[in-house]
Amino acid sequence: MSIILGVDPGSRVTGYGVLRREGRRIEYLDSGCIRVGDRPMAERLQVIYQGLATLIGEYRPTEFAIEQVFMARNPDSALKLGQARGVAMVAAANSGLVVHEYSARQVKQAVVGNGGADKTQVQHMVQSLLKLRKRPQSDAADALGIALCHAHMSESMARVPGGDRVRQGRIRS
């Protein structure tokens, strides 16, 4: 059994999703958003870090998955996103979690079956796959999608001989 914490980082809203995986069975535990508003950047990063540290303490995840950074049109936005990702990764690392990174295309492919899917398609499929009563908020759905992607990818790698030794494209000795 493993608990997966998926994170969709953002400088104003960071989505999170928590899933339990037992074999091929995946169960929804929690999801939501850490909203930081218009505070100075250092305070936003602190709130993101503290929020994720609290979630890690509460759910005791064994696996941590986060979306890779993409190049935005606005360099300032990309920099802020990178900072939010950084504090999320530090929260995971400080708890002894290995960080697994997935591109938005990988997540959409794993959840929707189409790497070019839009946000509403991801929300719909997350709701359907996890049998949720209502559609999760967009950032929370993205985070759940990241956690689902990790669950599927790690399940696939476990079936490949030596796949349990592969992490982010590198073979561990």
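Residues numbered from 1 in each chain as written. Predicted model: local features only at pLDDT ≥ 70, side-chain atom pairs only at ≥ 80, totals over all residues. Heavy atoms only, no water.

- Under an unreviewed UniProt entry, the name given to the chain is Crossover junction endodeoxyribonuclease RuvC, and the source organism is Tamilnaduibacter salinus.
- Quoted verbatim from the Sequence similarities (unreviewed entry) field of UniProt, the annotation for the chain is "Belongs to the RuvC family."
- Annotation of the chain in UniProt includes, under Catalytic activity (unreviewed entry), the sentence "Endonucleolytic cleavage at a junction such as a reciprocal single-stranded crossover between two homologous DNA duplexes (Holliday junction)." (UniProt positions renumbered as here; feature names shortened; annotations may be inferred.)

## Thoughts on the overall build of the chain
Right, on to step 1. Assigned secondary structure in the chain consists of five helices and seven strands.
Right, on to step 2. Along its sequence from the N terminus, the chain presents helices and strands in the succession β-β-β-α-β-α-β-α-α-α-β-β.
Right, on to step 3. Of all 173 residues assigned to the chain, the portion counted as buried reaches 45%.
Right, on to step 4. Taking contacts inside the chain between residues at least 6 apart in sequence as the whole, the part at least 24 apart equals 56%. (Helix = DSSP H or I, 4+ residues; strand = E, 2+ residues; numbered from the N terminus. Buried < 20%, exposed > 50% of the residue type's maximum accessible area, 1.4 Å probe, protein only. Contact = heavy atoms within 4.5 Å.)

## Regarding the UniProt feature "binding site: Mg(2+) 2" (unreviewed entry) in the chain
Right, on to step 1. When the UniProt feature table is mapped onto this chain, "binding site: Mg(2+) 2" (unreviewed entry) is found at Glu67.
Right, on to step 2. Following the sequence through the fold, Glu67 ends up in strand β4 (residues 63-67).
Right, on to step 3. Judged by its relative accessible area of 14%, Glu67 is buried.
Right, on to step 4. Aside from chain neighbours lying at most four places away, what touches Glu67 is Val7, Asp8, Pro9, Arg85, Tyr102, Ala104 and Ile146.

## Quick look at the nonpolar core
Right, on to step 1. Among the nonpolar cores identified, the biggest contains 23 residues, and Leu5, Val7, Ile34, Leu52 and Phe64 are the most heavily contacted of them.
Right, on to step 2. It is helix α1 (residues 41-59) that contributes the most residues to this core, seven residues altogether.
Right, on to step 3. Look past the residues within four positions of Ile34 in its chain and what remains in contact with it is Arg12, Val13, Thr14, Tyr16, Val47, Ile48, Gly51, Leu52 and Leu55.
Right, on to step 4. Ranked by size, the runner-up nonpolar core spans 16 residues in total, among them Val107, Val122, Leu144 and Ile146. (Core = buried A, V, L, I, M, F, W, Y, C linked by side-chain atoms within 4.5 Å.)

## What about unusual backbone geometry?
Right, on to step 1. Non-glycine residue Arg60 carries a positive phi angle of around 50°.
Right, on to step 2. If you trace the backbone, Arg60 turns up in the loop between α1 and β4.
Right, on to step 3. Phi at Lys131 is positive, roughly 55°, even though this residue is not glycine.
Right, on to step 4. Secondary-structure assignment places Lys131 in the loop between α4 (119-129) and α5 (138-158).

## As for the pairing of strand β2 (residues 13-22)
Right, on to step 1. Burial runs high along β2: seven of the 10 residues are buried.
Right, on to step 2. Pairing between strand β1 (residues 2-8) and β2: seven bridges, direction antiparallel. Directly across from Ile3, in β2, lies its bridge partner Arg20.
Right, on to step 3. Between β2 and strand β3 (residues 25-35), which pair antiparallel one after the other, the connecting turn spans two residues, and Gly23 there sits at a positive phi close to 65°. (Pairing = 2+ DSSP bridges.)

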